[in-house]
Amino acid sequence: MNYPNLISSKLPNVGTTIFTIMSKLAADNNAINLSQGFPDFNCDSELIALVNKYMMEGKNQYAPMAGLMPLREVIADKIESLHQTRYNPETEITITAGGTQAIYTAISAIIRDGDEVIIFEPAYDCYQPAIEMNGGTTVYLQLKAPTYSIDWNQVKKVINHRTRMMIINTPHNPTGSILSTEDMQMLERITKNTDIVIISDEVYEHIIFDSQPHQSVSRFPKLAERSFIISSFGKTFHTTGWKMGYCVAPANLMAEFRKVHQFLVFCVNSPIQYALAEYMKDSNNYKGLNKFYQDKRDYFVSLIKNSRFEITPCGGTYFQLLNYKKLSKEKDTDYAIRLTKENGIASVPISVFYHEAVDNNVLRFCFAKKEETLEKAAEILNKI
Ligand code: GLN
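Along each chain, numbering runs from 1 in the same order as the chain's sequence is written. In view of the model being predicted, local features appear only for residues whose pLDDT reaches at least 70, and side-chain atom pairs are presented and counted only at 80 or more, with totals across whole chains, interfaces and linings using the full set of residues. Note that water and hydrogens are dropped before the side-chain values are worked out from all heavy atoms of the structure.

Undergrad: Before we move on, can you summarise the packing of helix α4 (residues 98–110) against helix α10 (residues 251–264) with the specific residues and values?
TA: As a packed pair, α4 and α10 sit with axes 8 Å apart at the nearest point and diverge in direction by 115°. Both α4 and α10 take part in a crossing whose hand is right-handed. On the side of α4, the interface is formed by Q101, A102, Y104, T105, A106, S108, A109 and I110, while α10 contributes L253, E256, F257, V260, H261 and L264. Classifying every residue of the contact of α4 with α10 gives 9 nonpolar, 4 polar and 1 charged. The angle between two axes is taken between their N-to-C directions and runs from 0 to 180 degrees, where each axis is a line fitted to C-alpha atoms and a helix contributes only its stretch in contact. Helix and strand definitions follow DSSP, with helices as H or I runs of at least four residues and strands as E runs of at least two, each counted in order from the N terminus. Helix crossings get a hand from a simple test, with the near helix turned counterclockwise from the far one by less than a right angle marking a left-handed crossing and a clockwise turn marking a right-handed one. The contact criterion used throughout is that any non-hydrogen atoms of two residues lie within 4.5 Å. When residue character is reported, Ala, Val, Leu, Ile, Met, Phe, Trp, Tyr, Cys and Pro are called nonpolar, Asp, Glu, Lys and Arg charged, and the others, Gly included, polar.

This is the structure:
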């Protein structure tokens, strides 16, 4: 079709996400797909039965704009029991269509032209486009490889009167690093007497290993008062395709969040909210997740420990980084494509999570997979 040139792109440098690209490449080449993060096993049949029950009962019309009250209540109870902070379900919790919508909504509610937002690279790929769609400027800081920790002195240096927001992420996608109490205390000190708003991306809150506590900003009152916390039911209940998540924030921030939310999606899937409200009453349905995924991490690592890939420690998430510098000098993007096409295993190259393609020869592999998938993957990796 011929068309007149009516627009200039608002996101000229944004292409298709790496998750879509690698999952398609995996499918086209019949490769084992450890690229995009999603489980290859089903969620609990009890949860499916609950969704079915509520659909049959006729809970198929709009939910309340901010989310179903019983679900917001069970979230408030969960946060209080885990982190000793009570959020008001009436005014401080909103159910969203996944973490990405919640992040976009929070950025959109706060960021104006010329505002600076600090993010840490490698950074999950939805942050920067959302900042720039809203007129903000992204300020990039690099996590220190190989531990991928935050250099707080660098943070201090870049903060200025235009700094409006900082986005943190623990457990961290794509690296699997986690923030410590000391990190949180530094963040508290650095943001004191500023009007910086924090987005704390905690979608992997229940996937953290080796008995480490999850450092939610909700544990730190001085951080909680300036933070949007983002979480995801998809990660916690093996239902990434349902696109369900939530956002928690103090009432004044949440009021602005809801102004955007109501015109972006208005509300989200009702029967699933009814089902989750009931399912989450049993805390065993999420408390066992750390062990469940730690066993998978340990199994995957034990299978590939004699391979020529170097294993980076993973403190949380369902991603394992592997360094291939002993195997190839290729760019990580080229190597990830070649592994998919020639060896039949798909991963995600880490350089794409940097604005200036920093390449440490590292690939991300998702271990949210059945044992047999991990075994097949390991067999391939061990032969390379
Ligand atoms: N969060 C998932 C990952 O990191 C991807 C989600 C998506 O495909 N947008 O792999």
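Undergrad: Outline helix α15 (residues 371–383), listing residues and values.
TA: Expected span, for any helix, means 1.5 Å times one less than how many residues it has. Here α15 contains 13 residues, and its C-alpha end-to-end distance of 18 Å stays within 8% of the 18 Å for a straight helix at 1.5 Å per residue. Those residues of α15 that sit buried are T373, L374, A377, A378, I380 and L381. Projected down its long axis, α15 shows its buried positions confined to an angular sector of 160°, all on one face. Next to the buried residues of α15 lie β1 (32–33), α13 (289–304), β10 (319–323), α14 (332–343), β11 (345–346) and β13 (362–366). Working definition: with a 1.4 Å probe on protein chains only, accessible area under 20% of the residue-type maximum means buried, over 50% means exposed, and in between means partly exposed. Directions from the helix axis toward the C-beta atoms define the arc.

Undergrad: Go over the nonpolar core with me, naming the residues and quoting the values.
TA: Ranked by size, the top nonpolar core spans 116 residues in total, and within it L71, I75, F228 and F233 carry the most contacts. For this core, the element with the highest residue contribution is α4, accounting for 6 residues. Those residues in contact with F233, other than ones at most four positions away along the chain, are L71, I75, I95, H238, T239, M244, G245, Y246, L276 and M280. To form a nonpolar core, buried Ala, Val, Leu, Ile, Met, Phe, Trp, Tyr and Cys residues must be joined to one another through side-chain atoms within 4.5 Å.

Undergrad: With reference to specific residues and values, describe the pattern of salt bridges.
TA: Counted as salt bridges are all cases of a side-chain nitrogen of Lys or Arg within 4 Å of a carboxyl oxygen of Asp or Glu. For the coordinates displayed, the defined rule picks out 16 salt bridges. For D298, the salt bridge goes to R297, with nearest N and O atoms at 3.0 Å. The partly exposed category is assigned to D298, whose relative accessible area is 34%. A relative accessible area of 10% means that R297 is categorised as buried. The partner of E379 in a salt bridge is K383, and the shortest N-O contact between them spans 3.8 Å. Of this pair, E379 and K383 both sit in helix α15, 4 residues apart, roughly one helical turn.

Undergrad: Requested: an account of helix α2 (residues 45–56), with residues and values cited.
TA: Here α2 contains 12 residues, and its C-alpha end-to-end distance of 16 Å stays within 8% of the 16 Å for a straight helix at 1.5 Å per residue. Within α2 the residues assigned to the buried category are L47, L50, V51 and Y54. Mapping the buried residues of α2 onto a view down its axis gives an arc of 100°, with all of them on the same face. Of the residues in α2, the exposed ones pointing more than 90 degrees away from the buried face are S45 and M56. Buried residues along α2 sit against α11 (270–279).

These results come straight from atomic positions and should not be treated as a statement about function.
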